[in-house]
Amino acid sequence: MTNIPETGRTPRVQIRLVVIQILVLSLLGTLGGRLWYLQIREGAEYQREASGNHVQQVVDPAVRGDILDARGVPLADNETRLVVSASRTDLLKQKDDGKGVLAKLAGVLGLKPDEVQQKVRLCDAKTPQPCWNGSPYQPIPITDEATPKQALQIRERAEDFPGITAEPEAVRRYGAPGKANTSQVLGYLSPVTDDEIQKAKDTDSPYLRSDMVGRSGLERQYDKELRGKAGVTRYEVDNLGRVIGKAQADPAESGSNLVTSIDSRVQRVTEFELDKAMKVARQQFDKITGTNYKADSGAAVVMEAKTGRIVAMASAPTYDPNVWVGGISAKDYQTLTGKNSDYPLLNRAIQGQAAPGSTFKVISTAAAVEAGYDFDGRYPCTSSYSVGSQVFKNFEGESFGPIPLGRALEVSCDTVFYYLSDQEWKRDGGINPKKGQPKDYFYKAAHQFGLGKETGVDLPNEVTGRVPDRQWKLDYWKANKDAWCKYGKKDGSYVEKIAYENCLEGNKMREGDSINYSIGQGDTLVTPIQEAVIYGAVANGGTMYHPTIGKAVISADGKTVTPIPPRKSGRLPVSKATLKGMNDAFSGVVTRGTAAWKFGGWPQNKIPLHAKTGTAEVYGKQTTSWLATYSKDYTVIMTIAQAGTGSGASGEAVRNIYSALYGVKGDGSIDKNTALLPEPQKTLPKVRPDGTVAAPKIKGDPAKDVEAAQKNNTSNGDEDQPAAATSPSPNTNSNTRRRPRRRGSRRTRT
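Numbers given to residues run from 1 along each chain, matching the order in which its sequence is written. The predicted nature of this model means local features are confined to residues of pLDDT at least 70 and side-chain atom pairs, given and counted, to a pLDDT of 80 or more, with totals for whole chains, interfaces and linings taken over all residues. In computing side-chain values, all of the structure's heavy atoms are included and hydrogens and water are not.

Just to check I follow, could you spell out helix H22 (residues 576–591) for this structure?
Along an α-helix, residues three or four positions apart point the same way, because every turn accommodates 3.6 residues. We count a stretch as a helix when DSSP gives it H or I for four or more residues in a row; a strand needs E for two or more, and each element gets its number in order from the N terminus. The span you would expect from a helix comes to 1.5 Å times its residue count less one. Here H22 contains 16 residues, and its C-alpha end-to-end distance of 23 Å stays within 8% of the 22 Å for a straight helix at 1.5 Å per residue. Against helix H14 (361–370), helix H15 (405–411), helix H21 (528–540), strand E23 (610–618) and strand E24 (624–630) lie the buried residues of H22. Contacts: residue pairs with any heavy atoms within 4.5 Å of one another.

What am I meant to see in the pattern of salt bridges here?
For side chains bearing opposite charge, pairing can occur when the charged atoms are close. The working definition used for a salt bridge is a side-chain nitrogen of Lys or Arg within 4 Å of a carboxyl oxygen of Asp or Glu. Counted by the stated rule, this structure contains 29 salt bridges. A salt bridge links Lys-279 to Asp-275; its shortest N-O distance comes to 3.0 Å. One end of the pair is Lys-279 and the other is Asp-275, both in helix H11 (residues 264–281) and 4 residues apart, which spans about a single turn. Measuring nitrogen to oxygen at the nearest pair gives 2.7 Å for the salt bridge that ties Glu-410 to Arg-592. With Glu-410 in helix H15 and Arg-592 in the loop between H22 and E23, the pair connects residues that are 182 residues apart, well separated along the chain. By relative accessible area, Glu-410 is classed as buried at 6%. A network of salt bridges, in which partner residues are shared, links Arg-64, Arg-172, Glu-219, Asp-223 and Arg-227. Note on classification: 1.4 Å probe, protein chains only; a residue is buried when its accessible area is under 20% of the maximum for its type, exposed when over 50%, partly exposed between these limits.

What is the right way to read the state of the cysteines from this model?
Where two cysteines share a covalent bond between their sulfur atoms, that bond is called a disulfide. Note that a disulfide, as used here, is simply two cysteine sulfur atoms within 2.5 Å. Taken as a whole and assessed by the stated rule, the structure comprises 3 disulfides. Across the disulfide, Cys-123 is cross-linked to Cys-131 (sulfur-sulfur distance 1.9 Å). On the sign convention where negative means left-handed, the S-S torsion of about 100° between Cys-123 and Cys-131 marks this disulfide as right-handed. There is a disulfide in this structure between Cys-381 and Cys-413, and the S-S distance comes to 2.1 Å. On the sign convention where negative means left-handed, the S-S torsion of about 110° between Cys-381 and Cys-413 marks this disulfide as right-handed. Here Cys-413 lies in the loop between H15 and helix H16 (414–427) and Cys-381 lies in strand E15 (residues 379–381), a separation of 32 residues in the sequence. Cys-413 matches Cys-381 in its accessibility class, with the two residues each being buried. Taking only the cysteines that form disulfides and numbering them from first to last, the protein chain has the pattern 1-2, 3-4, 5-6.

I'm lost on unusual backbone geometry in this one. Help?
For residues that are not glycine, phi is negative in most cases, and the peptide bond is trans in most cases. The step from Ala-316 to Pro-317 runs through a cis peptide bond, and the omega angle for that step is 0°. Along the chain, the position of Pro-317 falls in the loop between strand E14 (310–316) and helix H12 (330–337). In this structure, Asp-342 is a non-glycine residue whose phi angle is positive, near 60°. Locating Asp-342 in the fold gives a position in the loop between H12 and helix H13 (348–351).

Sorry, what's going on with a nonpolar patch on the surface here?
Residues enter a patch when their relative accessible area is above 30% and they make no salt bridge; the linking distance is 9 Å between like charges and 5 Å between nonpolar side chains (Val, Leu, Ile, Met, Phe, Trp, Tyr). A 1.4 Å probe and the Shrake-Rupley method give the accessible areas. Residues count as covered only by the protein chains that appear here. Taken together, the side chains of Val-13, Leu-17, Ile-20, Val-24, Leu-25 and Leu-28 make up a nonpolar region of the molecular surface, amounting to roughly 530 Å² of accessible area. Mapped onto the fold, Ile-20 is located in helix H1 (residues 11–41). Overall, the relative accessible area of 48% leaves Ile-20 in the partly exposed class.

I tried to follow the side chain of Thr-260 on my own but got confused; where do I start?
Inspection of the secondary structure puts Thr-260 in strand E10 (residues 257–260). Reaching out from Thr-260, the side chain makes a polar contact with the backbone nitrogen of Ile-262 at a distance of 3.2 Å. Residues contacting Thr-260, with those up to four places away along its chain left out, are Ile-67, Leu-68, Asp-69, Ala-70, Leu-75, Leu-218, Ile-549, Gly-550 and Lys-551. Polar contacts here mean pairs of N or O atoms no more than 3.5 Å apart (in protein, one a potential hydrogen donor and the other a potential acceptor; neighbouring residues in sequence count only if both atoms are side-chain atoms).

Looking at this structure, I do not really get the packing of helix H4 (residues 99–109) against helix H6 (residues 148–156). What am I missing?
The angle between the axes and the distance between the axes are what describe a pair of packed helices. Contact geometry of H4 with H6 gives a least axis separation of 10 Å together with a crossing angle of 150°. Relative to H6, the element H4 is oriented roughly antiparallel. Of the two elements, H4 crosses H6, and the hand of that crossing is right-handed. Mapping the contact onto sequence places Leu-105, Val-108 and Leu-109 in H4 and Gln-150, Gln-153 and Ile-154 in H6. Class assignment of the residues belonging to the contact of H4 with H6 gives a composition of 4 nonpolar, 2 polar and no charged. Lines fitted to C-alpha atoms define the axes, with helix axes restricted to the stretch in contact, and inter-axis angles between N-to-C directions lie between 0 and 180 degrees. Throughout this description, any angle smaller than 35 degrees is read as roughly parallel, any larger than 145 degrees as roughly antiparallel, any in the 65 to 115 degree range as roughly perpendicular, and the remainder as oblique. Helix crossings get a hand from a simple test, with the near helix turned counterclockwise from the far one by less than a right angle marking a left-handed crossing and a clockwise turn marking a right-handed one. For this classification, the nonpolar set comprises Ala, Val, Leu, Ile, Met, Phe, Trp, Tyr, Cys and Pro, the charged set comprises Asp, Glu, Lys and Arg, and every other residue, Gly included, is treated as polar.

How do you make sense of the packing of H16 against helix H20 (residues 511–518) when you look at a structure like this?
One can describe the packing of H16 onto H20 by two numbers: an axis separation of 8 Å at closest approach and a directional angle of 140°. Between H16 and H20, the angle falls in the class oblique. Crossing handedness for the pair H16 and H20: right-handed. Facing Phe-417, Tyr-418, Ser-421, Asp-422, Trp-425 and Lys-426 of H16, the residues of H20 in contact are Glu-511, Ser-514, Ile-515 and Ser-518. Considered class by class, the residues forming the contact of H16 with H20 number 4 nonpolar, 3 polar and 3 charged.

Explain the pairing of E24 to me, please; I cannot follow it from the model alone.
Within a regular strand, the side chains alternate between the two sheet faces. A large share of E24 lies buried, amounting to 7 of its 7 residues. Any two strands with at least two DSSP bridges between them are considered paired. The antiparallel pairing of E23 with E24 creates a hairpin that spans 5 residues between the two strands, and Gly-620 there sits at a positive phi of about 85°. Here E24 runs beside strand E25 (residues 634–641); their pairing, made up of 6 bridges, is antiparallel. Residue pairing across strands places Ser-625 opposite Ile-640, the latter belonging to E25. In sequence, E24 turns back onto E25 through a hairpin of 3 residues.

Looking at this structure, how should I read the packing of aromatic side chains?
Two numbers describe a pair of aromatic rings. These are the distance of the centres and the angle of the planes. Two aromatic rings from Phe, Tyr or Trp, using only the six-membered ring of Trp, form a pair when their centres are within 6.5 Å; if the ring planes differ by under 30 degrees the pair is stacked, by over 60 it is edge-to-face, and anything between is tilted. Within this structure, the stated rule accounts for 13 aromatic pairs. Ring geometry for Tyr-188 versus Trp-324: centroids 3.9 Å apart, planes at 5°, classification stacked. With a gap of 136 residues between them, Tyr-188 in the loop between helix H7 (183–186) and strand E6 (189–191) and Trp-324 in the loop between E14 and H12 connect regions that are remote in the sequence. Grouping residues by exposure puts Tyr-188 and Trp-324 together as buried. Among the aromatic residues, those joined into a cluster by ring pairs are Tyr-188, Trp-324 and Tyr-333. Here, a charge over a ring is recorded when the distance from Lys NZ or Arg CZ to the ring centre is within 6 Å and its angle to the ring normal is within 35 degrees. Sitting above the plane of the Phe-161 ring, Lys-104 keeps its charged end 5.9 Å from the centroid. One residue, Lys-598, lies across the ring of Trp-597, its end atom 4.7 Å from the ring centre.

Would you take a moment to explain helix H24 (residues 702–709) for this structure?
Buried within H24 we find Pro-702, Ala-703 and Val-706. Seen from one end, H24 has its buried residues packed into an arc of 100°, which puts them on one side. If you follow the buried residues of H24, they end up packed against H11 and helix H23 (646–662). A side-chain oxygen of the first residue of H24 lies 3.0 Å from the backbone nitrogen of Ala-703; this N-cap is Asp-701. What the arc measures is the spread of directions leading from the helix axis to the C-beta atoms.

Mind showing me how you'd approach the environment of Ser-364 here?
In this structure, Ser-364 sits in helix H14. For the pair Ser-364 and Ser-518, spaced 154 residues apart in sequence, the C-alpha separation works out to 5.9 Å. Ignoring anything within four residues of it in the chain, the contact list for Ser-364 reads Phe-417, Phe-442 and Ser-518. One polar contact links the side chain of Ser-364 to the main-chain carbonyl oxygen of Ser-518, over a distance of 2.7 Å.

In structure tokens:
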């Protein structure tokens, strides 16, 4: 008999076996269910993902479209260059983060190692230019000026230069045809950033990491049309990265070409004349400050009066937009943005704001007529206008007696407009008007003329200027009251006294504010493009336009042409009779008024010109020159900061621009064969069957040709105004012109 059980199992063992069997079956069931889920239900999805893991993309950048002038001459196009680029991803795989490779590359390219290192570092708030502000996964261009020998060295010694490529690429070129720079109008390109990629990914125009995008000017405004669509080829590769087939290929689509209304010849003349006028102004002595004029910045606009199309737009100082191509250097970046640069990246035609001086009187005249004053009535043009103990002087104490508004525009009589504006201020209730009492005709007119808002020009970052009406004064006072009250002193310096006054009543429309405002002084600010719209509307009978530079978009194959038509923005609040009176007065400015000394001998009977001069004082600076002019075809506006009087600084330059347009020689004769644009360009350039645009060649230098044609012009080069003209005599004390204004800029001579 034995003590071992017959089966070797006890009830406890049997229970354990059953539990184990259940666990095993459960695990097998779970595994089977999971396999079914992965293989059957989600199999197709995972198969697609697995396939994606073995697909690599190769991007073929799209060729950016050209920017053309009105005749088809390229202002911005592309050229093929040898571009050396570095991949940050590959460089960071090196033990020294690629520093050794970049040092060797610098030796081959003839650059400093630090310069190359700076180009591949990423931009952030603490990193100054040069740096890379594009995607860190995109190849970073080191130079686009590599020689074939340098490129061959890099490619033949690929093992010494991991992450470095040298390939021919299409890069942007700003050719300056006929020496027409056009930099602020054209803008420039830089790499797309990760933030921009994310923001645009769900739009109809997403970015790829290889894209270059417009940062200013037309390059930015029409970036979507110019950029095109990059091609993407997807290759199937095995685990070792070897290509086993092509999965899909989306060909690149070249960007469209933009035809503008700019005429490169007129652009060149406008840039040249603006620059020349500034240089001449710097040679003139300013009796007020006891130094020569600084003439540190300026702008000029030539616009079609009947359409609002921009024919030329110049801004000074200027720069070469090619410095951005292939990445900007630290030296060039400092030159463009440093404190001593005068900020050439600014387009002062749309971003420069200044008090308009007497060019503003076109608005004051319209406001006076709207308020009930007869255009042909007689108003006292006295030598001064008194308000209590304050005396507002007419320029140099001139007095013309009772004159109509038209004559007041011709001779730019300040006291007529002082009187009209002051009368309206009193009718509006003075400094403490009752609710609903002020009519504010002079301020409403400015808004109706389009001031205080953007004109809608097809360029980015336009500024609005300023109309210092009651609402603006209240808002400005609230924002600055604490600082004024802290700094102001009743018996302090001039600036401290102004702060004290503003602390007490800066929110109120004071009598002196309205008087200053009537002649384009005080806190009023306008831009050259706003003046072009206003005087263009006066020229065409009252219609205001949104200024436009883009004229048409032409597809790369030339088969699709999308015109960009002129856009009306409104009408001047002026009757036909008043417009006629203004036109006669502005014609008189050229023949017998404040601009006559600069337009002597002009063929006025054949090509009638109209003008309004303006000179604005700015606290702590020299006077700003304004000259607003128009013919039946064009409006030409020029302004130069710290340059003297309107006609004195800009008269010769503006006359020469008209001479170039119409072919007028220095002796007043007209040579139609030399006229650059005697009437606005109506047609688009011819598109060839292959999609390219036919472009005429520019012979010589248009600006030098105009300069040569003006040698017999007796008005050019005059430094002193004739005694009979209504401008300052050289011996008058300029300090007696008028009382100091309360804040900002103030006005001197037109």
